[in-house]
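Residues per chain, in single letters:
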Amino acid sequence: MLEKTFCSSPWFHIRIDTAGNYLPCRWAAWSEINTPKVNTVSNTSLLGYMNSDVMSETRIKMLNAVPMKLCDYCYNDEENNKVSGRQKQLLKSAITLEKFQNTLCASPHYENFKYSDINQGWTNTTPVDLQIEIGNTCNGACIMCAPKHSSRLVKDYQKLNQLDQTLFPIYQVGKNWTDDERLVEKFVNEIGQLDNIKYLHFLGGETLYIKSFYDICNQLIKTGQSKTINLGTTTNCTVANADLENIIRNFKHVHLGLSIESFHGINDYVRYPGDINDITDNIHAFLKLREETDLHLTLRITPSILTIYHIDTVFEFMLENKITAESCNFLQDPKCLRIEYLPSNLIDTIKSKIDAIIDKYDLKESNQTILNIRRDDLIDQVIGQMIFEYKHLLENLVTPDDAELQRKDLVKFLKSFESIRNNSILTYLPEYEKFLRSYGY
Amino acid sequence: MKNFYEATATRSELTIGVRLILIPIGEDIPCEVKINDEVVFNETLSSIKTIAGEVTLIDPISFAVRIQRQHPQAVKLVLAIDDKEIIPKYQHLAQPATDYLDSNDVWTLDIPSFYPWYHTITGQGWIA
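For clarity, every value in this text was computed on a predicted model and none was experimentally measured. (Residues numbered from 1 in each chain as written. Chains lettered and ligands numbered in written order. Predicted model: local features only at pLDDT ≥ 70, side-chain atom pairs only at ≥ 80, totals over all residues.)

S.K.: Please provide a residue-by-residue account of the packing of helix α9 (residues 151-163) of chain A against helix α18 (residues 403-421) of chain A, values included.
M.R.: How two helices pack is summed up by the angle between their axes together with the distance between the axes. All names here are of chain A. At their nearest, the axes of α9 and α18 sit 10 Å apart, and the two run at 125 degrees to each other. By the angle class used here, α9 and α18 are oblique. Seen from above, α9 lies across α18 with right-handed handedness. Residues Asp156, Lys159, Leu160 and Leu163 of α9 pack against Ser416, Ser419 and Ile420 of α18. Class assignment for the residues of the contact of α9 with α18 results in 3 nonpolar, 2 polar and 2 charged. (Axes fitted to C-alpha atoms, helices over the stretch in contact; angles between N-to-C directions. Helix = DSSP H or I, 4+ residues; strand = E, 2+ residues; numbered from the N terminus. Parallel < 35°, antiparallel > 145°, perpendicular 65-115°, else oblique. Left-handed = near helix turned anticlockwise from the far one by under 90°. Contact = placed C-beta atoms within 7 Å. Nonpolar A, V, L, I, M, F, W, Y, C, P; charged D, E, K, R; others polar.)

Structure (structure tokens):
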């Protein structure tokens, strides 16, 4: 069935990974990402990639309802009643699953789909929405992150690998394409030739710590193109500077995702070497800037076994500051940090804390699914929806069969990091002492 | 739909339902309703009247309602298209911007193509 698989993204979106490879989708499944790529920033233009074999073939499959490995994450999200990337991209073509046939046939992109259907997948569209991964340079070394996303972790993993090769495998981390200034210049020039670019989403590393982010944005400000472009990125909230403020004031609209797991000291342990006081100050500075500019802020949370305990602090901050959070994805990797390995007594405590928030703010559950969770007029509903999602996810957690093994791995994992950082989880989470001690901490 | 080709085959035949409810405030109010310039109702309104019909999916839709009232008569409008509430929720997009007709002017609502228009008025975000 077409409505189960069709996505309009290949008609307007391109992703560029850290190495400079083109990919058809920002939500592409890992199996697809790890496939060798032919088209790169250095050998193919953005327009050239739109009509590359990969993209044409992807569009043909979309039009003929052929399921693709590329789309596994979205299929999985939809099976679990979560809003998928596909639904978000379809919305950019004014297509909804609720009225799929009618909205597809009435879509402003209908004629573009038809063109591809009769022209072997070729398109007459130009890129509108780009995800640009500018490298792994990062000032942070979050314990749940990986060296391919953090240059600081590359060094840490060299030491950690000597302690445990299974928990801390050595990755081959390639060069960042943005290290080549000529490529960055070529890329900016190409964007300058595209008159319909509406959205640029940057990913790091820590984007705000990477020179090429400012180079690209400042060049777009210089040419005036920034006035018609929506800009998005995610930050660990350790950087707030005048250059960023200038970018926020000069782009049409800026969406800043604020990565944080908790408004509690545990954030410092997990998002090492962050300081929750500095981070909170920066978030408040962003909130102040939101009042003066067209800046949209959301928290980006990826709760793990360590940070879920104080998730109530995040919910309270959201409610007090009218700020939503995106992604209800619990951490999956490293496996030992998954929430489902938490003992039931600690889960019960967390559920009680969430219930207390629900009572305190008199939150009511709605059965309406909100697709565009960035709508300013729906902030209260979006926050409420997320809190109830977490409540239900925790209520339905099932302890996996390998819990004993993973809990022992968790202790090994934490002790390894602590051996090179000279800190202790119990300083931040004394409530976990009995649990961790029972597995060898 | 098994594939996109099926959509191309049926697109021009697709229709969406329109339901316009006229609620008289007072008795015996002459009322004329046009949908896409075609008169679909032209009678004296004494009780609630529901006008239901179909329009093509992709074409523009226009509504025009004219009443001949005497003080304090009025007609209240409720409009749904493809089961989506349009009036009174989006009455600010009508001319005049109301769901309550208490003058003898023509009330109009012009919709270019329903679903892209609905996407915009409901604030679903930018279209690529």
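S.K.: Please set out the sheet that holds strand β3 (residues 38-45) of chain B residue by residue, giving values where relevant.
M.R.: Residue and element names in this part refer to chain B. On the basis of which strands lie adjacent, the open sheet formed by 4 strands has the order β3-β2-β5-β9 and antiparallel pairing. A strand with exactly one partner marks an edge of an open sheet, and here the two such strands are β3 and β9 (106-111). The mean angle between the axes of side-by-side strands here comes to 10 degrees, regardless of whether they run parallel or antiparallel. Direction of pairing for strand β5 (residues 61-67) relative to β9: antiparallel, over a ladder of 6 bridges. Note that in β9 the partner of Ile61 across the bridge is Ile111. (Pairing = 2+ DSSP bridges.)

S.K.: Give a description of the domain arrangement of chain A that names residues and reports values.
M.R.: Residue and element names in this part refer to chain A. Domain annotation of chain A identifies domain 1 (2-127) and domain 2 (133-434). The gap between the C-alpha centroids of domain 1 and domain 2 is 26 Å. The element that contributes the greatest number of residues to the side of domain 1 that touches domain 2 is helix α6 (residues 85-91), accounting for 3 residues. In terms of residue class, the side of domain 1 that touches domain 2 is made up of 7 nonpolar, 6 polar and 2 charged. (Domains from an automatic or database assignment.)

S.K.: I'd like a description of the sheet that holds strand β3 (residues 129-133) of chain A, backed by residues and values.
M.R.: Two strands in a sheet stick together by hydrogen bonds in their backbones, pointing the same way (parallel) or opposite ways (antiparallel). Residue and element names in this part refer to chain A. The strand order across the open sheet formed by 8 strands is β2-β1-β3-β4-β5-β6-β7-β8, and the pairing between neighbours is mixed. The open sheet has two edge strands with one neighbour each: β2 (22-23) and β8 (324-326). One ladder, built from 2 bridges, connects strand β1 (residues 13-16) with β2; its direction is antiparallel. Pairing of Arg15 across the sheet is with Leu23, part of β2.

S.K.: Got a sec to walk through the interface of chain B and chain A? Specific residues and values, please.
M.R.: Across the contact, 24 residues belong to chain B and 28 residues belong to chain A. Contributions of two or more residues to the side of chain B that touches chain A are made by α1 (4-10) and α2 (114-121) of chain B. Residues that form the side of chain B that touches chain A fall into these classes: 14 nonpolar, 7 polar and 3 charged.

S.K.: Hey, could you go over unusual backbone geometry for me, with residue numbers and the actual values?
M.R.: A cis geometry characterises the amide bond from A:Tyr272 onward to A:Pro273, with omega recorded as 0 degrees. Checked against the element boundaries, A:Pro273 lands in the loop between α13 (266-270) and α14 (276-292). Cis geometry is found at the peptide bond from B:Ile87 to B:Pro88, where omega equals 20 degrees. Within the secondary structure layout, B:Pro88 lies in the loop between β7 (84-87) and β8 (100-101). A positive phi angle, near 60 degrees, is found at A:Ala65, a position not held by glycine. Positive phi, close to 50 degrees, is recorded for B:Asp82, a residue that is not glycine. By the element assignment, B:Asp82 lies in the loop between β6 (74-81) and β7.

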